[in-house]
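As a plain string of letters, each chain reads:
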Amino acid sequence: MLKKILKIAALCLVILAAAVAVYWQVNGDRLRAEYAAFKKTAAPVLMYHAVGPETGVDWPKNLIMPEELFESHLKYLKDNGYTIVSVQQLAARLEQGENVDKYIALSFDDGYKNNHSVVLPLLKKYDAKASFFVINKDIGDDIHMNNAEIKELIANGMELGSHTTSHAPLAKIEEKYLPWELATSRYYLKKNFDQYIVRTIAYPNGSYNEKVISEAQRYGFYRGLTGKVGVNTADSYRQAPMEMYRVTVADDGSGLEGFVKRLDRAYLFGFLQTKGFDINIIRQIFVH
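Residues numbered from 1 in each chain as written. Predicted model: local features only at pLDDT ≥ 70, side-chain atom pairs only at ≥ 80, totals over all residues. Heavy atoms only, no water.

Enquirer: Hey, could you run me through the overall build of the protein chain in this one?
Expert: Helices and strands together make up the secondary structure of the protein chain, namely eleven helices and eight strands. Counting the 288 residues in the protein chain, one finds 49% classified as buried. Residue pairs in contact within the protein chain that sit at least 24 positions apart in sequence constitute 69% of those at least 6 positions apart. As displayed, the protein chain offers around 13900 Å² of accessible surface, 54% of which is attributable to carbon and sulfur atoms. (Helix = DSSP H or I, 4+ residues; strand = E, 2+ residues; numbered from the N terminus. Buried < 20%, exposed > 50% of the residue type's maximum accessible area, 1.4 Å probe, protein only. Contact = heavy atoms within 4.5 Å. Areas by Shrake-Rupley, 256 points an atom, 1.4 Å probe, with all protein chains shown as cover.)

Okay, here's the thing in structure tokens:
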């Protein structure tokens, strides 16, 4: 059954790619001009997890980013004129309709210790900001940051966000547990981090629905990060601040070239969405 589903998914992607290719061929010159203009109004949010030593980190190996490769990402962005900001900073610019040309936000999920020991020094080296999404129950264990380390991130201008209390997939749990995962997370982060007000949530495993969004907003979240590929514009943010797009960054073995391709694809997918071609719809059908 799984093989059949994968074959259908692959066929749909082929058909979509063919349709996009034909559409681009027919409307090439106009689309290239529109695409160049679109990129000036759009900003990606990159999604990382662990960076550096992988000891104890329970993640697929390609999501554990080597330190040297991560630094090459930062260097590439700086060398190519990007301003590297937190999600909170990017959201403020989108909300106010300010320029986001060559703006990019960094996000780190789960709160691993190497986010402090490896990532923070590199962010400071490249004059970059980022957002870190912690799981309350994991703070201070063997592989996750402790309170002091998280406070140092905040002191250096980084954003602290919620990855919920227990990392449960929010769309799949009973609704009665949503206050625990959402409101309790914000309460304890505020209590433990000098009255810091958390306004951004990263949905664990990209799992959310309309009820989750409603409850998250009810308990004080202003914006949410999904697993949907694409880029964020003033229009997309105003229409759905709780469904911001992200780019999963993985070590696919192709080094910096792979990173650049992922970044380019995110812009392209975002542009195609404005033309009615949305890869996320096909992904959602077969993932869920």
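After that view, the rundown keeps rolling.
Enquirer: Explain the layout of surface pockets to me, please; I cannot follow it from the model alone.
Expert: In this approach the atoms are scanned with a rolling probe the size of a water molecule, which exposes any empty space left behind. Approximately 400 Å³ is the volume attributed to the second largest pocket. If you go around the second largest pocket, you meet 19 residues; those closest to its centre are T233, S236, Q239, Y245 and Q273. Counting residues per element, the ones that place at least two in the lining of the second largest pocket are helix 9 (234–239), helix 10 (256–273) and helix 11 (279–287). The dominant element in the lining of the second largest pocket, judged by the number of residues it contributes, is helix 9, at four residues. Taken together, the residues of the lining of the second largest pocket break down into six nonpolar, nine polar and four charged. (1 Å grid on protein atoms, 1.4 Å probe; cavity = no way out; pocket = protein on both sides within 12 Å on 5 of 7 lines; lining within 4 Å. Points joined across faces, edges and corners; volume = space filled by probe spheres on them. Nonpolar A, V, L, I, M, F, W, Y, C, P; charged D, E, K, R; others polar.)

Enquirer: Teacher, can you tell me more about the packing of aromatic side chains here?
Expert: For any two aromatic rings, the description comes down to two numbers: the centre-to-centre distance and the angle of the planes. Within this structure, the stated rule accounts for nine aromatic pairs. Measuring from ring centre to ring centre gives 5.1 Å for Y48 and F70, while their planes differ by 85 degrees; the resulting arrangement is edge-to-face. Placement of Y48 in strand 1 (residues 45–48) and of F70 in helix 3 (residues 67–79) is noted, with a sequence separation of 22 residues between them. Each member of the pair, Y48 together with F70, is buried. (Phe/Tyr/Trp six-rings, centres within 6.5 Å; stacked < 30°, edge-to-face > 60°.)

Enquirer: Hey, could you run me through helix 6 (residues 147–155) in this one?
Expert: Helical geometry: 3.6 residues make up each α-helical turn, so side chains three or four residues apart lie on a common side. Buried within helix 6 we find E149, I150 and L153. Projected down its long axis, helix 6 carries its buried residues within an arc of 100 degrees, all on one side. Helix 6 presents A148 and A155 as exposed residues on the side facing more than 90 degrees away from its buried surface. Residues of helix 6 that are buried sit in contact with helix 5 (114–125), strand 4 (131–134) and strand 5 (159–162). The N-cap residue of helix 6 is N146: its side-chain oxygen and the backbone nitrogen of A148 are 3.2 Å apart. Positive phi shows up at G157, right after helix 6, with a value of about 85 degrees. (Arc of directions from axis to C-beta. Polar contact = N/O pair within 3.5 Å; in protein donor to acceptor, adjacent residues only side chain to side chain.)

Enquirer: Sorry, what's going on with the environment of E98 here?
Expert: You can see E98 is positioned in the loop between helix 4 (87–96) and strand 3 (103–110). Classification of E98 by relative accessible area gives partly exposed; the value is 35%. When the C-alpha positions of E98 and T41 are compared, they lie 9.3 Å apart, and in sequence the two are 57 residues distant.

Enquirer: When you look at the pattern of salt bridges in this model, what are you seeing that I'm missing?
Expert: Two side chains carrying opposite charge are able to pair once their charged atoms lie near each other. All chains considered together, the criterion is met by 16 salt bridges. Ionic pairing is found between R93 and E98, a salt bridge with its closest N-O pair at 3.3 Å. The partner of E149 in a salt bridge is K113, and the shortest N-O contact between them spans 3.2 Å. With E149 in helix 6 and K113 in the loop between strand 3 and helix 5, this residue pair connects regions lying 36 residues apart in the sequence. (Salt bridge = Lys/Arg side-chain N within 4 Å of Asp/Glu carboxyl O.)

Enquirer: Mind showing me how you'd approach the side chain of E215 here?
Expert: Here E215 is to be found in helix 8 (residues 210–218). The class of E215 is buried, set by a relative accessible area of 7%. In contact with E215, not counting residues within four places along its chain, are L178 and L182.

Enquirer: What should I look at first to understand the nonpolar core in this one?
Expert: Side chains of a nonpolar character, in soluble globular proteins, are inclined to be buried together. With 57 residues, the main nonpolar core has L46, Y48, F70, L106, F108 and L123 as its most contacted residues. Tallying contributions element by element places helix 10 first for this core, with six residues. What F108 contacts, discounting residues up to four positions off in sequence, is Y48, H49, V51, F70, N115, V119, A130, S131, F132 and F133. (Core = buried A, V, L, I, M, F, W, Y, C linked by side-chain atoms within 4.5 Å.)

Enquirer: What exactly am I supposed to notice about the pairing of strand 5 here?
Expert: Regular strands place their side chains on alternate faces of the sheet. The side-chain alternation of strand 5 yields two buried faces, one formed by E159 and G161 and the other by L160 and S162. Two strands pair when backbone bridges link them, and strand 4 and strand 5 are joined in this way by four bridges, in the parallel orientation. When the bridges of strand 5 are listed, S131 appears paired with E159. Chirality of the crossover, the property in question, places the unit of strand 4, helix 6 and strand 5 among those that are right-handed. (Pairing = 2+ DSSP bridges. Right-handed = clockwise from strand over helix to strand, strands pointing away.)

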